[in-house]
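Tertiary structure, described
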Amino acid sequence: MLTEQHGLVQLGQLKDFGLTSEAIRSNVRAGRWQSVLRGVYATFTGPLPRDSWIAAALLYAGPAAVLSHRTAAEVWGMRPESPGPVHVTVPYRCSAISQPPLVVVHRSRAFDHITVDGRPPLTNRADTTIDLAVAEPSARDAQRLLTELVTSRRVAVEQVRPRLVERPPPRYKKALEQAVNRVNSGVQSALEERYAVEVEAAHALPAARRQAPFRVDGRTLFEDAVYDHIGVPLTVRLDGKTHLDPDVALRDRRRDNTAELAGRSRLVFGWKEVSTQPCGTAFEVATVLRRHGWQGPLQRCPKCPGQRP
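Remember, predicted model here, so these are calculated numbers, not experimental data.

**A look at the overall build of the chain**
- What the chain contains, in helices and strands, is 13 helices and twelve strands.
- Scaling as 2.2 N^0.38, a compact globule of 309 residues should have a C-alpha radius of gyration of about 19 Å, whereas the chain reaches 26 Å, well beyond that.
- Dimensions of the chain, computed from C-alpha atoms along their principal axes, come out at roughly 85 × 40 × 35 Å.
- For the chain, with 309 residues in total, the buried portion stands at 46%.
- Across the chain, the fraction of contacts at a sequence separation of at least 24, relative to all contacts at a separation of at least 6, is 54%.

**Side note on a nonpolar patch on the surface**
- Together, Met-1, Leu-2 and Phe-17 line one region of the surface with nonpolar side chains, adding up to about 300 Å² of accessible area.
- Counting through the fold element by element, Met-1 comes out in the segment before strand 1 (8-10).

**A closer look at the environment of Leu-122**
- Note on placement: Leu-122 falls in strand 8 (residues 122-123).
- Leu-122 gets classed as buried once you look at its relative accessible area, which sits at 5%.
- Sequence-wise, Leu-122 and His-69 are 53 residues apart; in three dimensions their C-alpha atoms are separated by 9.2 Å.

**What about the pattern of salt bridges?**
- Evaluated as defined, the whole model comprises 26 salt bridges.
- For the salt bridge of Glu-198 with Arg-194, the shortest nitrogen-to-oxygen distance reads 4.0 Å. On the criterion of helical spacing, the pair formed by Glu-198 and Arg-194 is a turn pair, its members being four residues apart in helix 10 (residues 190-200). No difference in accessibility class separates Glu-198 from Arg-194, as the two residues are buried.
- A salt bridge links Asp-228 to Arg-264; its shortest N-O distance comes to 2.7 Å. Here Asp-228 is found in the loop between strand 10 (219-226) and strand 11 (234-239), whereas its partner Arg-264 is found in the loop between helix 11 (246-261) and strand 12 (265-270), with 36 residues between them in sequence.
- Relative accessible area serves as the criterion here: at 11%, Arg-264 is assigned to the buried category.
- Connected via shared salt-bridge partners are Arg-140, Asp-141, Arg-144, Arg-182, Glu-193, Arg-194, Glu-198 and Lys-303.

**Side note on the state of the cysteines**
- Evaluated as defined, the whole model comprises zero disulfides.
- Between Cys-301, a free cysteine, and Cys-279, which holds the nearest cysteine sulfur, the sulfur-to-sulfur gap is 3.6 Å.
- Judged by relative accessible area, Cys-301 falls into the buried class, the value being 11%.
- Unpaired in this structure, Cys-304 has its nearest cysteine sulfur neighbour in Cys-279, at a distance of 3.4 Å.
- Of the residues examined, Cys-304 reaches a relative accessible area of 9% and is grouped as buried.

**A few points about the packing of aromatic side chains**
- Summed over all chains, the structure comprises zero aromatic pairs.
- Positioned above the aromatic ring of Tyr-92, the side-chain terminus of Arg-109 is 4.1 Å from the ring centre.

**A closer look at the nonpolar core**
- Leu-8 and Val-88 are the most contacted members of the largest nonpolar core, which has 24 residues in total.
- Among the secondary structure elements, those contributing two or more residues to this core are strand 2 (34-37), strand 3 (40-42), helix 3 (50-61), strand 5 (86-91) and strand 6 (103-108).
- When neighbours within four sequence positions are excluded, Leu-8 is seen to be in contact with Leu-2, Val-36, Val-40, Tyr-41, Ala-42, Phe-44, Leu-48, Ser-52, Ala-55, Ala-56 and Leu-59.
- Grouped together as the second largest cluster of nonpolar side chains are 22 residues, Ala-73, Val-134, Ala-179 and Val-183 included.

**Topic: the sheet that holds strand 3**
- Judged by pairing direction, the sheet is antiparallel, and its three strands sit side by side in the order 1-3-2 without closing on themselves. Because the sheet does not close on itself, it has two edges, and the strands there are strand 1 and strand 2. Averaged over all pairs of adjacent strands, the angle between strand axes in this sheet comes to 35°, irrespective of strand direction.
- One ladder, built from three bridges, connects strand 2 with strand 3; its direction is antiparallel. Among the inter-strand pairings, Leu-37 is bridged to a residue of strand 3, identified as Val-40.

Rules of the game
Residues numbered from 1 in each chain as written. Predicted model: local features only at pLDDT ≥ 70, side-chain atom pairs only at ≥ 80, totals over all residues. Heavy atoms only, no water. Helix = DSSP H or I, 4+ residues; strand = E, 2+ residues; numbered from the N terminus. Rg over C-alpha atoms; globule rule 2.2 N^0.38 Å. Buried < 20%, exposed > 50% of the residue type's maximum accessible area, 1.4 Å probe, protein only. Contact = heavy atoms within 4.5 Å. Patch = residues over 30% accessible without salt bridge, like charges linked within 9 Å, V, L, I, M, F, W, Y side chains within 5 Å. Areas by Shrake-Rupley, 256 points an atom, 1.4 Å probe, with all protein chains shown as cover. Salt bridge = Lys/Arg side-chain N within 4 Å of Asp/Glu carboxyl O. Disulfide = S-S within 2.5 Å. Phe/Tyr/Trp six-rings, centres within 6.5 Å; stacked < 30°, edge-to-face > 60°. Lys NZ or Arg CZ within 6 Å of the ring centre and 35° of its normal. Core = buried A, V, L, I, M, F, W, Y, C linked by side-chain atoms within 4.5 Å. Pairing = 2+ DSSP bridges. Axes fitted to C-alpha atoms, helices over the stretch in contact; angles between N-to-C directions.

What follows is the structure in structure tokens.
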């Protein structure tokens, strides 16, 4: 049992093994054991490894408790391990309360529908993702996080969408639904999501058609954003880290040449331009769109400089 629980034990378990209260106190006084949380003891001295803290939190919260939020995300590989508090979720009938800064206790009315069996037990991928997003400080931050987790293949969008309906989050529901819809429309990275929201939507640019197929050297390649559906032969490519790879760079040069031979306009943006200069990026896109006949207005966003572009 101690091996499975990473050296941690709960008071009731000790008494089941026949240890008296005085025997437990003696081990603590002698420094052989240490009291970690109310009714939970480590049967060793020194700092607790992360696995032991997780075991302690689950033992403290009770047999129904499961890991959730940031801690479940660490177990699922969605987030790196952190030294912060262990997050657990329990049914509403459970009496456990948070023990800052070590344990954060959440309660769920849908407890039976959000958990999966595991060692340790935890919330499923989709509900863990939604819990993480809801914990973000703003709706926009929640959208970015959800998009990052979905497009990085840490959770499937097909799993998240129904959970937003079956278990509506306490806040950001509309924002999270918008993020899911953008992924379904072809957004495949955090960079593409920023372009769609902070460049296109924020400046009233027409929404691009995403992941459009083109034939290049006998292969079908997909462009991030094109505007042919509004009569403008413009391709916008969004270059992430993979574009530094020599093979990818060669593919992009061939794609550029093919577009030039076909008479297409091209704009290429990276993370810095889209994330720190979305207004300038929007102005450049609008300039090319207007060159080809688009007559829509270029709307100012809160980040735009004082003068109208």
